[in-house]
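Now for the letters of each chain:
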Amino acid sequence: MAIVPKKFRQINEALDWAVEAKTTEELSARVRAISVGNSILMRFIAWGVGYEQGPWNLPEGKTPFKDEGLPENMGDTTITQEFRRILTLLPDGSAKNLGQWRREEIWMQICQGVVTSEVELLDLVKDQKLLDKYPTLADVLESFLPGWKKPEVKKQTRAKKSLVN
């Protein structure tokens, strides 16, 4: 199935479009089409699923930032445009020797410039929980990330199910 490469301003829009696919083959074709138009997509996904170490030594969870209430597509910048700054926060990045407060300040500045939906995505990638939002990606990533294995889904035991209900 050949899908024409699409260009997206924001990575979250691209991933949302990809996971709308009806079949695994279509999902794979859509991810491939997006990665042709956005060279950082696969690296970003690799960080988000724990295949590579992404931004590290940052507090886990939601990043506090001031939401300016701008509509989608109206952010000052995007993850793609901020990618070089994000690279500085990798274990071998240029910010590795900076103090913890400065690393967190850089992260918060990046989050402040992008729209809310991309901040959510950045937090998922930072915490390596991208599959929490896009679980169907796990079905195709083995063909894009050599050696990556789909995580096993833990099934709830009957005792846990009864506690939930």
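In this section: the confidence of the model for the protein chain. Residues at a pLDDT of 70 or more form 85% of the protein chain, whose mean pLDDT is 87. Confidence, read as mean pLDDT per element, is least for helix 8 (residues 158-164) in the protein chain (54) and greatest for helix 7 (residues 130-133) (96).

Right, let's talk about the packing of helix 5 (residues 100-113) against helix 6 (residues 116-126) for a bit. At a minimum axis separation of 9 Å, helix 5 and helix 6 run at an interaxial angle of 145 degrees. Counted together, W107, I110 and C111 of helix 5 and V119, L122, D123 and K126 of helix 6 form the full contact between these two elements. Across the contact of helix 5 with helix 6, the residue classes break down as five nonpolar, no polar and two charged.

Here the focus is the packing of aromatic side chains. Throughout the structure, instances matching the rule amount to three aromatic pairs. With 5.6 Å between their ring centres and 40 degrees between their planes, F8 and W17 make a pair best called tilted. For F8, a relative accessible area of 22% translates into the label partly exposed. With centroids separated by 6.4 Å and ring planes inclined at 55 degrees, the aromatic side chains of F44 and W47 adopt a geometry described as tilted. Of this pair, F44 and W47 both sit in helix 3 (residues 41-48), separated by three residues, roughly a single helical turn. Comparing F44 with W47 shows no difference in burial state: the two are buried.

Bringing the pattern of salt bridges into the picture now. Counted by the stated rule, this structure contains eight salt bridges. Two residues, R85 and E82, come together in a salt bridge whose shortest N-O distance is 3.2 Å. The exposure class assigned to R85 is partly exposed, which follows from its relative accessible area of 31%. Residue K133 pairs with E120 through a salt bridge whose shortest N-O separation is 3.2 Å. With K133 in helix 7 and E120 in helix 6, this residue pair connects regions lying 13 residues apart in the sequence. We classify E120 as partly exposed; its relative accessible area is 39%.

So, on to the nonpolar core. By size, the foremost hydrophobic cluster in this structure holds 43 residues, and its most contacted members are L15, L122, L137 and L141. Of all the elements in the fold, those that place two or more residues in this core are helix 1 (11-18), helix 2 (24-37), helix 3, helix 4 (83-87), helix 5, helix 6 and helix 7. With six residues, the single largest contributor to this core is helix 3. With sequence-adjacent residues up to four places away left out, L15 is seen in contact with L41, I45, L121, L130, Y134 and L137.

Another aspect to go through is the environment of L98. Among the secondary structure elements, L98 is positioned in the loop between helix 4 and helix 5. Discounting chain neighbours no more than four positions away, the residues touching L98 are R103 and I106.

In this section: helix 6. The buried fraction of helix 6 is high, at nine of 11 residues. Listing the buried residues of helix 6 in full gives S117, E118, V119, L121, L122, D123, L124, V125 and K126. In the core, the buried residues of helix 6 are packed alongside helix 1, helix 3, helix 4, helix 5 and helix 7. Residue Q128 follows helix 6 closely and has a positive phi angle near 55 degrees.

Rules and cut-offs
Residues numbered from 1 in each chain as written. Predicted model: local features only at pLDDT ≥ 70, side-chain atom pairs only at ≥ 80, totals over all residues. Heavy atoms only, no water. pLDDT = per-residue confidence, 0-100. Helix = DSSP H or I, 4+ residues; strand = E, 2+ residues; numbered from the N terminus. Axes fitted to C-alpha atoms, helices over the stretch in contact; angles between N-to-C directions. Contact = heavy atoms within 4.5 Å. Nonpolar A, V, L, I, M, F, W, Y, C, P; charged D, E, K, R; others polar. Phe/Tyr/Trp six-rings, centres within 6.5 Å; stacked < 30°, edge-to-face > 60°. Buried < 20%, exposed > 50% of the residue type's maximum accessible area, 1.4 Å probe, protein only. Salt bridge = Lys/Arg side-chain N within 4 Å of Asp/Glu carboxyl O. Core = buried A, V, L, I, M, F, W, Y, C linked by side-chain atoms within 4.5 Å.

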